Structure formats: C-alpha cells, structure tokens
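Single-letter residue listing:
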Amino acid sequence: MDWAHAEALAYASLLTEGTPIRFTGQDVERGTFSQRHLVLHDAKTGQTVSPIQNLPGALAPIEMHNSPLSETAALGFEYGYSAEAPETLVLWEAQFGDFANGAQVIIDQFIISGLAKWGQTSRLTLLLPHGYEGSGPEHSSARIERFLQLAAEGNIRVANLTTPAQYFHLLRRQARITKQRPLIIFTPKSLLRLPQATNRIEHLAESKFFPVLGEPRVPIEKVTRLVLCTGKIYYDLVSHPQREDNEAVAIGRIELLYPFPEGQVLELINTYPNLREVVWVQEEPRNMGARAHMSPRLLQVLPDHLAFGYIGRPERASPGEGYPAAHTGEQNRILRTALDLSVPVSMYPVKTPGER
C-alpha cells in the first residue's frame, strides 16, 4: 500500500460506515504530485468520473472540489462548513505546505483560538506537504514551527507521519473520535512513491495509530545514541551509507508532535538499557521545524544521566537553500553528524555563523 492507496481506503471505509467527507484544495482531485487520481478525466471529451463517488455500499457522500489560489477565502469557507457539520470529515489541502501562509488570518483567528474565544472547535483537517528535497525555500517548509507555537491548551492536533498506515489510521481517528479538534498533517512529497514508505494490508486492517515509532530490528542492548526525528528525514537517515553496520545508533520517529506524547517517548527511551545520549535531528533550520517545541519537553522528561543535543541546519532567515547543490551539502552534513558517534552531542546546538 502506498500513500495514496491508503488514503483512498481511509475515505472509502468511512463512507461505508456513514461518515460524509468534504475534500477541497488546490489540486485535490488528482493530487499535486499526480498521486491521488480520485477524479479521472477523459482527454478527448473532457468528461470526468470519480469511482469513489460511486462506491457500492456507501452510506454517505464525498465531495471533492479543486479550490482557487485564494487560501483565505477557501479555508475560511471550509472552517465554517466544518463547524456547522460536525459529523463530516472536512479536509483542505495546500498545493505546497507554504501555501497556507495565504490563510494565516483564518488559522490564527479562528482555527487556533476559536475554542478559547468562543468554545467552538471542529474536525477541520489541513494537509500541508512538507519536506526538504532541494526544491528551494518556497516548496520545502509548511512552517511546522508556526503551528507548534500556536498549539496550547489542547486546541489542535499536529502530526508529521512516515507511513501510509499511520496516515490511514489518523484520518479515520480524526473522523470518528468524540473529542473534536482541528488536525494539521504535514504530508510528504518524496515518500508518496518511496518503496520503503509502504505497508501491507494487515498494517491497515489489524493495527492502529502510534504517536511514536521505534526503529525495527535494532539490537537494543548495543544502542548508546537515540536519534529522535519527525517525518521524511527518517528515511534519509536509515538509508545513509553510514547507517550500515552502525548498531550503536537507533532512530525513533515522533509522529504526533502535539499533544506531546510523553508516555510513548519515555517508553521508547527506556527500551535501550545502555543509552547515553538523545539527539533531536531535523532538516529544518534551528529556528524553524519542531526543535523549539520538542527540546524543552524532551529535556523535562529525559533521565538525568542522558546527554541531549540538536543536529540540523543553523538558524536561517529563509526555510531552505536556493539551489540543489547547497541543499545536498547541508543535508549530507546533518545525516553524517547524526550517525557519527565520534561527535559528542554536547557540541550542539549549532550556532549561526558569526553568532557569539
């Protein structure tokens, strides 16, 4: 099961259970990366057909609309719709994650603070593509840091997922859970077709959503460094040549960023009896990404004998490098440092050049 297959199964299963779905965004019918194809187009006649809208056994409808590049208007409408139709799973997808910038007033004034101001919340779900693939600053970051800075008092849920099964279960959970809250999912780009980022059918049928994932098949007694990360960089780390035969490093994934999964994080840390250090690794700059949110929470719960550090890009004004060669050099530096036990974590966090 790849990403789009698991997504389609999540929607189809909800429809057969009677949950209506409304799905809008700038290219949702086929998917920005041509991965979804929920609506098929006849190139000769222009006619369209949507198999999922003609699903045998469906007890509820699904609406799909490509929305204009007017994020404030589109997201404002979807927020209102989700508030008035709490039984419906309402989703809005940005073409690239940073396109949510154009709807910041809706996010700040309504989605984030509506519960505190008016006691109003919803199941509205934002799908924001995020991940550093060398495409430049405007197509790299969905601004994880902004949403985590705005997260408080249980007002939203924030997730950055690494497997189709996790996506399947979280979508279904969002539609069915009694406690409604807006959900922000930082969706992948390269993982949509990455062979390693796939699942078997039993992972969907017989499993559930896990807020934290450990690395499988690691000799736990040999691990001295635990690398914690979120999202696509996990696959960069596990596939790096330096990872091969390096049994002293384990890589854990934080799939649910907020609410902070304290119990599951501690459970993962306690898995390794000879652990000496924990490192937060991210591809975003130090002043962006999840570092500012995760570091104080991790420091609060870590046992005293464990060292803690950060590995990633130094502080930057722009989310990503402007050309692929610079991106590749920085990405490789991050991966090598995270997997190199000869570099003590006390050397980090990285300082910006010229910073005193």
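The rules behind these values
Residues numbered from 1 in each chain as written. Predicted model: local features only at pLDDT ≥ 70, side-chain atom pairs only at ≥ 80, totals over all residues. Heavy atoms only, no water. Helix = DSSP H or I, 4+ residues; strand = E, 2+ residues; numbered from the N terminus. Rg over C-alpha atoms; globule rule 2.2 N^0.38 Å. Buried < 20%, exposed > 50% of the residue type's maximum accessible area, 1.4 Å probe, protein only. Contact = heavy atoms within 4.5 Å. Areas by Shrake-Rupley, 256 points an atom, 1.4 Å probe, with all protein chains shown as cover. Expected span 1.5 Å × (residues − 1). Arc of directions from axis to C-beta. Salt bridge = Lys/Arg side-chain N within 4 Å of Asp/Glu carboxyl O. Pairing = 2+ DSSP bridges. 1 Å grid on protein atoms, 1.4 Å probe; cavity = no way out; pocket = protein on both sides within 12 Å on 5 of 7 lines; lining within 4 Å. Points joined across faces, edges and corners; volume = space filled by probe spheres on them. Nonpolar A, V, L, I, M, F, W, Y, C, P; charged D, E, K, R; others polar.

1. Concerning the overall build of the protein
Within the protein, the regular secondary structure consists of eleven helices and 14 strands. Against the 2.2 N^0.38 benchmark of 21 Å for 356 residues, the protein shows a C-alpha radius of gyration of 21 Å, consistent with a compact globule. When its C-alpha atoms are laid out on the principal axes, the protein stretches across 60 × 45 × 45 Å. Counting across all 356 residues of the protein, residues that qualify as buried make up 57%. Long-range pairs, those at least 24 residues apart, make up 80% of the contacts in the protein with a sequence separation of at least 6. Entry remark: accessible area of the protein is about 15300 Å², with carbon and sulfur atoms responsible for 52%.

2. With respect to helix α2 (residues 71-84)
With 14 residues, α2 should reach 20 Å at 1.5 Å per residue; the first-to-last C-alpha distance of 20 Å fits that figure. Of the residues making up α2, those classed as buried are Glu71, Ala74, Leu75, Glu78, Tyr79 and Ser82. Considered in projection along α2, the buried side chains sweep an arc of 130 degrees and stay on one side of the axis. Exposed side chains of α2 directed beyond 90 degrees from the buried face belong to Ala73, Phe77 and Glu84.

3. Let's talk about the pattern of salt bridges
In total, this model carries 18 salt bridges according to the counting rule given. For Glu247, the salt bridge is made with Lys222, and the minimal N-O distance between the two is 2.8 Å. Remark: Lys222 occurs in the loop between β9 (212-213) and β10 (225-229) and Glu247 occurs in the loop between α8 (233-238) and β11 (249-254); sequence separation between them is 25 residues. Among the residues examined, Glu247 registers a relative accessible area of 39% and is labelled partly exposed. Several salt bridges share partner residues, and in doing so they unite Glu7, Arg36 and Glu93 into one network.

4. Quick notes on the sheet that holds strand β13 (residues 277-285)
The five strands are arranged β9-β11-β10-β13-β14 in an open sheet whose pairing can be described as mixed. In this open sheet, the two edge strands, each paired with only one partner strand, are β9 and β14 (307-313). Here β10 runs beside β13; their pairing, made up of four bridges, is parallel. Looking across to β13, one finds that Leu226 is bridged to Val278.

5. Some thoughts on the pairing of strand β7 (residues 157-160)
On a regular strand, one side chain projects to one face of the sheet and the next to the other, so that they alternate. Here β7 shows a buried face lined by Arg157 and Ala159 and a second buried face lined by Val158 and Asn160. Across four bridges, β7 lies against strand β8 (residues 183-187) in parallel orientation. Residue pairing for β8: Ala159 is matched across the bridge by Ile185.

6. Some details on the layout of surface pockets
Of the voids in this model, the largest pocket is the one considered here, and its volume is about 700 Å³. The wall of the largest pocket is formed by 30 residues, among which Gly214, Pro216, Arg217, Tyr234 and Arg253 lie closest to the centre. Those elements that provide at least two residues to the lining of the largest pocket are α6 (164-176), α8 and β11. Class assignment of the residues belonging to the lining of the largest pocket gives a composition of eleven nonpolar, ten polar and nine charged. The calculated volume of the second largest pocket comes to roughly 180 Å³. Every residue along the wall of the second largest pocket is listed here: Lys208, Phe210, Pro211, Val212, Leu213, Gly214, Gln264, Glu267, Leu268 and Thr271.

The quantities given are spatial measurements derived from coordinates; they are silent on function.
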